[in-house]
Amino acid sequence: MTKNKTAIVTAASKGLGAACSRVLAAKGVNLAIFSRSEDINSLGKELGALAVQGDVTQPADLKILVNQTMEKYGRVDVVINNTGH
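Residues numbered from 1 in each chain as written. Predicted model: local features only at pLDDT ≥ 70, side-chain atom pairs only at ≥ 80, totals over all residues. Heavy atoms only, no water.

## Describing the nonpolar core
How we decide: Take the buried Ala, Val, Leu, Ile, Met, Phe, Trp, Tyr and Cys residues and link them wherever side-chain atoms come within 4.5 Å; each set so joined is a nonpolar core. Relative accessibility decides the category of a residue: with a 1.4 Å probe and only protein chains considered, values under 20% of the type maximum give buried, values over 50% give exposed, and everything between is partly exposed. Numbering of helices and strands runs from the N terminus; a helix is a DSSP stretch of H or I covering at least four residues, while a strand is a stretch of E covering at least two.
Counting 11 residues, the largest nonpolar core is built from Ala-7, Val-9, Ala-12, Ala-18, Leu-24, Val-29, Leu-31, Ile-33, Ile-40, Leu-43 and Ala-49. Within the residue set of this core, elements represented by two or more residues are β1 (6–10), α1 (15–26), β2 (30–35) and α2 (39–47).

Next comes the structure, spelled out in structure tokens:
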């Protein structure tokens, strides 16, 4: 059921966001992960995910996230709006 689904996970570099990302990746979901931390890049490589570094409080960063996700996967089915604050 999750094959070919695409999820965006914010604040994904650590903690709950990283855990959610790992579970979704294990289920075969296409992932776009997002965080202010540079750690997002290593997690992206580990999971085979699109990793975007940015800030959820910045509309321009969110626009980049969505645009890159659509370019890579062509759809968004799930958004996990986790925040680290």
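## Description of α1
Three- or four-residue spacings in an α-helix give side chains the same orientation, since the helix completes a turn every 3.6 residues. Selection criterion: To estimate how far a helix should extend, the number of its residues minus one is multiplied by 1.5 Å. An arc is given here, and it is the one of the directions from the helix axis to the C-beta atoms.
With 12 residues, α1 extends 17 Å between its outermost C-alpha atoms, agreeing within 8% with the 16 Å of an ideal straight helix rising 1.5 Å per residue. Considered for burial, the residues of α1 that qualify are Gly-17, Ala-18, Ser-21 and Leu-24. Take α1 and look down its axis: the buried residues cluster within an arc of 130 degrees, on one side only. For α1, the exposed residues lying more than 90 degrees away from the buried face are Gly-15, Leu-16 and Ala-26.

## Some words on the packing of α1 against α2
So the rule is basically this: Geometry is summarised by axes, namely lines fitted to C-alpha atoms with helices restricted to the contacting stretch, and by angles between N-to-C directions that run from 0 to 180 degrees. Angles below 35 degrees are treated as roughly parallel, those above 145 as roughly antiparallel, those between 65 and 115 as roughly perpendicular, and all remaining angles as oblique. Working rule for handedness: look at the near helix, and if it is turned counterclockwise from the far one by less than a right angle, call the crossing left-handed; if clockwise, right-handed. Should any heavy atoms of two residues lie within 4.5 Å, those residues are considered in contact.
Two elements in contact, α1 and α2, have axes separated by 11 Å at closest approach and are oriented at 20 degrees. The angle between α1 and α2 places the two elements in the roughly parallel class. Seen from above, α1 lies across α2 with right-handed handedness. When α1 is examined against α2, the residues Ala-18, Ser-21, Arg-22 and Ala-25 are found in contact with a partner set consisting of Leu-43, Glu-46 and Leu-47.

## Details of a nonpolar patch on the surface
The test is simple: Patches here: salt-bridge-free residues with over 30% relative accessible area, like charges joined within 9 Å, nonpolar side chains (Val, Leu, Ile, Met, Phe, Trp, Tyr) joined within 5 Å. Accessible areas in this description were obtained via Shrake-Rupley with a 1.4 Å probe; residue shielding takes into account the shown protein chains only. By salt bridge we mean one thing: a side-chain nitrogen of Lys or Arg within 4 Å of a carboxyl oxygen of Asp or Glu.
A cluster of nonpolar side chains, contributed by Val-66, Met-70, Val-76 and Val-79, occupies part of the molecular surface with about 300 Å² of accessible area. Along the chain, the position of Val-79 falls in strand β4 (residues 78–80). Judged by relative accessible area, which is 53%, Val-79 ranks as exposed.

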